[in-house]
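# Per-entry structural report
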Amino acid sequence: MDAAEFRKRGKEMVDYIADYLEKIDKRQVFPDVEPGYLRPLIPDCAPQDPESFEDVFKDIEKIIMPGVTHWHSPYFFAYFPAASSFPALLADMLCGGIGCVGFSWAASPACTELETVMLDWLGKMINLPEEFLAGKDGRGGGVIQGSASEATLISLLAARTKTIRRMQSEKPELTEADIMGRLVAYASDQFCATLGTTPCCSFDKLVELGPICTKENIWMHIDAAYAGSAFICPEFRHLLNGVEFADSFNFNPHKWLLVNFDCSAMWVKKRSDLTGAFKLEPLYLQHHHQESGLVTDYRHWQIPLGRRFRSLKLWFVLRMYGVTGLQEHIRKHVRLSHQFEHLVLQDERFELCAEVVLGLVCFRLKGSNDLNKALLESINEAKKIHLVPCHLREKFVLRFAICSRTVESTHVKFAWQHISQLATDLLKTWEQNQHQQ
Ligand SMILES: *Cc1c(COP(=O)(O)O)cnc(C)c1O
């Protein structure tokens with residue numbers, strides 16, 4: 001493919017994507033395929049000779065789409081949202097076009113510098129304490145990771161190195177192995193300090209945890225993967241109170257801030273805690289600028305060496321939506337979850353299982369876990385909407401997460417009527433079976 005064909009095909013692909021997203025509500029949200037569906041549909045090794053773009057393109061609808069779960073369908077209410085917007089899609093194209101690997105400042109200065117400034121923008125949007133910002137000569141700063149899980153692992157590794165060094169300076173007779181064997185990580189059954197847990201979007205009390213961590217010299221990492229985006233709205237910002245006690249903080253704009261996967265934002269108060277743990281300086285990666293407030297080598301802030309120009313997505317989205325546009329997006333989702341909450345509350349057969357704070361409603365039929373498993377099964381077999389369950393203590397619970405950028409009140413109402421009808425059908429047969437037994 002030469003540049004002339006790329007121009008033509010690129011435009012066709014943009015049209016295909018725009019059509020896909022514009023008419024996504026016409027597609028069944030969850031596919032009909034069985035495990036292993038794909039292998040028989042394509043050759044069992046790569047083609048020896050090149051194929052045409054047309055050949056590849058026609059296989060998208062034939063081979064790929066039948067096996068796609070449509071995360072951006074307004075009938076998708078599973079997991080948590082995966083962010084998507086047109087500005088982010090365009091930025092991702094540019095990222096691919098530039099195609100740099102920005103592991104150091106010198107490897108592509110714009111890639112590093114835009115990321116530092118975007119993380120400052122984002123930090124200011126959620127009113128993070130100044131110490132987390134890079135500014136011109138700050139000791140803190142932000143970095144884009146691939147996922148919240150990576151951010152948590154990085155915090156754990158950085159905390160480990162920091163504690164080992166502190167212990168070694170206090171008790172030089174101890175070896176690294178002695179210290180390693182005595183390290184302790186404290187966690188709840190949701191892992192670390194969390195704002196917006198995955199099963200039910202509950203919030204740890206940072207203002208209680210924080211002072212204990214400070215007093216005991218414990219690294220506090222806060223995971224706000226989903227909920228973090230909501231803190232751009234002043235009415236939700238209080239949920240972040242206590243972040244000033246943390247050493248590191250993370251949330252995923254790729255969940256709820258319209259920046260396509262992957263873009264997980266992580267901040268630390270002391271960048272030296274990360275660079276101290278991960279620094280590697282082989283000669284071929286050194287350059288004549290030293291790491292300082294102005295020169296950052298992000299490879300010391302992450303596990304991989306290579307990194308994409310992901311801050312372009314943030315830059316496009318923050319500029320083209322503005323803070324107010326993003327606030328509207330969050331508020332619409334929260335409004336829709338309260339709409340669903342009210343529908344559940346009006347039906348005596350159902351109960352709510354957790355407080356609805358943001359865009360997630362946890363609910364179930366009053367009754368056994370088996371009954372609720374059967375309800376979820378009938379919902380996901382009908383494939384008109386898609387949900388996933390969770391366990392809250394011993395209870396099997398259905399999660400209804402407002403996900404799509406384009407979901408509206410009508411979709412929520414439809415989803416509820418559908419669930420309610422399936423529950424009616426289920427309860428009829430369920431009671432008959434109970435009588436027979
Ligand atoms: C979604 C989620 C994660 C996992 O996010 P990844 O970026 O996929 O690793 C971690 N923690 C919480 C609270 C989440 O909601």
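Before reading on, note that the structure itself is shown above.
Remember, it's a predicted structure, so these values are computed and weren't measured experimentally.

Bringing the side chain of Gln 339 into the picture now. Here Gln 339 is to be found in helix H10 (residues 311–345). In this structure Gln 339 touches Ser 409, Val 412 and Lys 413, once residues within four positions along its chain are discounted.

Further remarks concern the packing of helix H11 (residues 369–382) against helix H12 (residues 409–436). Put simply, H11 and H12 touch, their axes get as near as 10 Å, and they point 130° apart. Taken together, the axes of H11 and H12 are oblique relative to one another. In this structure, H11 crosses over H12, and the sense of that crossing is right-handed. Packed against H11, whose contacting residues are Asp 370, Leu 371, Ala 374, Leu 375, Ser 378, Ile 379 and Ala 382, the element H12 presents His 418, Ile 419, Leu 422, Ala 423, Leu 426, Leu 427 and Trp 430 at the interface. Partitioned by chemical class, the residues of the contact of H11 with H12 number 11 nonpolar, 2 polar and 1 charged.

Reading across the sheet, the 4 strands line up as E6-E7-E9-E8 and stay open at both edges, with antiparallel pairing between neighbours. Lying at the two open borders of the sheet, with one neighbouring strand each, are strand E6 (350–352) and strand E8 (388–392). Taken pair by pair, the neighbouring strands of this sheet meet at an average axis angle of 40°, ignoring direction. Two strands pair when backbone bridges link them, and E8 and strand E9 (residues 395–401) are joined in this way by 5 bridges, in the antiparallel orientation.

Taken together, 5 strands build an open sheet; the order of strands is E1-E5-E4-E3-E2 and the sheet is mixed. Among the strands making up the open sheet, the edge pair consists of strand E1 (141–145) and strand E2 (193–194). One ladder, built from 4 bridges, connects strand E4 (residues 248–251) with strand E5 (residues 264–268); its direction is antiparallel. Bridge pairing in E5 links Ser 248 to Val 268.

In terms of burial, strand E7 (residues 360–365) is a largely internal element, 6 of the 6 residues being buried. Residue alternation in E7 divides its side chains into two sets, Leu 360, Cys 362 and Arg 364 and Val 361, Phe 363 and Leu 365, and both sets are buried. As paired strands, E7 and E9 are joined by 4 bridges and run antiparallel to one another. For Phe 363, the partnering residue across the bridge sits in E9 and is Leu 398.

Bringing the nonpolar core into the picture now. Counting 97 residues, the largest nonpolar core has Phe 249, Trp 267, Leu 358, Phe 363, Leu 387, Phe 400 and Ile 419 as its most contacted members. No other element matches H10, which puts 12 residues into this core. Contacts of Phe 400, omitting those with residues within four sequence positions, involve Phe 77, Phe 340, Gly 359, Leu 360, Val 361, Phe 363, Leu 387, Ala 415 and Ile 419.

Let us look at the site of the ligand. Around the ligand lies a shell formed by Phe 80, Ser 147, Ala 148, Ser 149, Thr 194, Gly 196, Thr 198, Asp 223, Ala 225, Asn 252, His 254 and Lys 255. Between an oxygen atom of the ligand and a main-chain N or O atom of Ala 148, the distance comes to 2.7 Å. One nitrogen or oxygen atom from the side chain of Lys 255 is found 2.9 Å from an oxygen atom belonging to the ligand. Bound to the protein, the ligand loses 78% of the 390 Å² it would expose on its own. Every element with two or more residues in the shell around the ligand is listed here: helix H5 (148–170) and helix H8 (253–256). Along the lines of polarity and charge, the residues of the shell around the ligand split into 3 nonpolar, 7 polar and 2 charged.

Once that is clear, we can look at the side chain of Asn 372. Inspection of the secondary structure puts Asn 372 in helix H11. Once residues lying within four places of it in the same chain are set aside, the contact partners of Asn 372 are Arg 364, Leu 365, Gly 367, Phe 396 and Leu 398.

Evaluation of the coordinates by the stated rule reveals 24 salt bridges. For Arg 27, the salt bridge goes to Glu 61, with nearest N and O atoms at 2.8 Å. Of this pair, Arg 27 sits in the loop between helix H1 (3–22) and helix H2 (53–64) while Glu 61 sits in helix H2, and the two are 34 residues apart along the sequence. Put simply, Lys 313 and Asp 92 hold a salt bridge, and the shortest N to O gap is 4.0 Å. With Lys 313 in helix H10 and Asp 92 in helix H3 (residues 86–98), this residue pair connects regions lying 221 residues apart in the sequence. For Lys 313, a relative accessible area of 1% puts it in the buried group. Judged by its relative accessible area of 22%, Asp 92 falls in the partly exposed class. The network of salt bridges with common partners includes Glu 5, Lys 8, Arg 9, Glu 12 and Glu 54.

Moving on to the environment of Asn 217. Mapped onto the elements, Asn 217 comes out in the loop between helix H7 (206–215) and strand E3 (221–223). On the accessibility criterion, Asn 217 (47% relative accessible area) is partly exposed. Taking the C-alpha atoms as reference, Asn 217 lies 49 Å from Gln 346; in sequence the two are 129 residues apart.

Relative to the helices and strands, Arg 307 is located in the loop between helix H9 (271–278) and H10. Remark: the alpha-carbon pair of Arg 307 and Phe 103, spanning 204 residues in sequence, is separated by 5.9 Å. Residues in contact with Arg 307, not counting those within four places in the same chain, are Cys 100, Val 101, Gly 102, Phe 103, Glu 115, Val 143, Ile 144, Tyr 298 and Gln 302. Within the structure, Arg 307 has its side chain in polar contact with the side chain of Glu 115 (distance 2.8 Å). Within the structure, Arg 307 has its side chain in polar contact with the side chain of Gln 302 (distance 3.0 Å).

Calculation rules
Residues numbered from 1 in each chain as written. Predicted model: local features only at pLDDT ≥ 70, side-chain atom pairs only at ≥ 80, totals over all residues. Heavy atoms only, no water. Helix = DSSP H or I, 4+ residues; strand = E, 2+ residues; numbered from the N terminus. Contact = heavy atoms within 4.5 Å. Axes fitted to C-alpha atoms, helices over the stretch in contact; angles between N-to-C directions. Parallel < 35°, antiparallel > 145°, perpendicular 65-115°, else oblique. Left-handed = near helix turned anticlockwise from the far one by under 90°. Nonpolar A, V, L, I, M, F, W, Y, C, P; charged D, E, K, R; others polar. Pairing = 2+ DSSP bridges. Buried < 20%, exposed > 50% of the residue type's maximum accessible area, 1.4 Å probe, protein only. Core = buried A, V, L, I, M, F, W, Y, C linked by side-chain atoms within 4.5 Å. Near = heavy atom within 4 Å. Polar contact = N/O pair within 3.5 Å; in protein donor to acceptor, adjacent residues only side chain to side chain. Areas by Shrake-Rupley, 256 points an atom, 1.4 Å probe, with all protein chains shown as cover. Salt bridge = Lys/Arg side-chain N within 4 Å of Asp/Glu carboxyl O.

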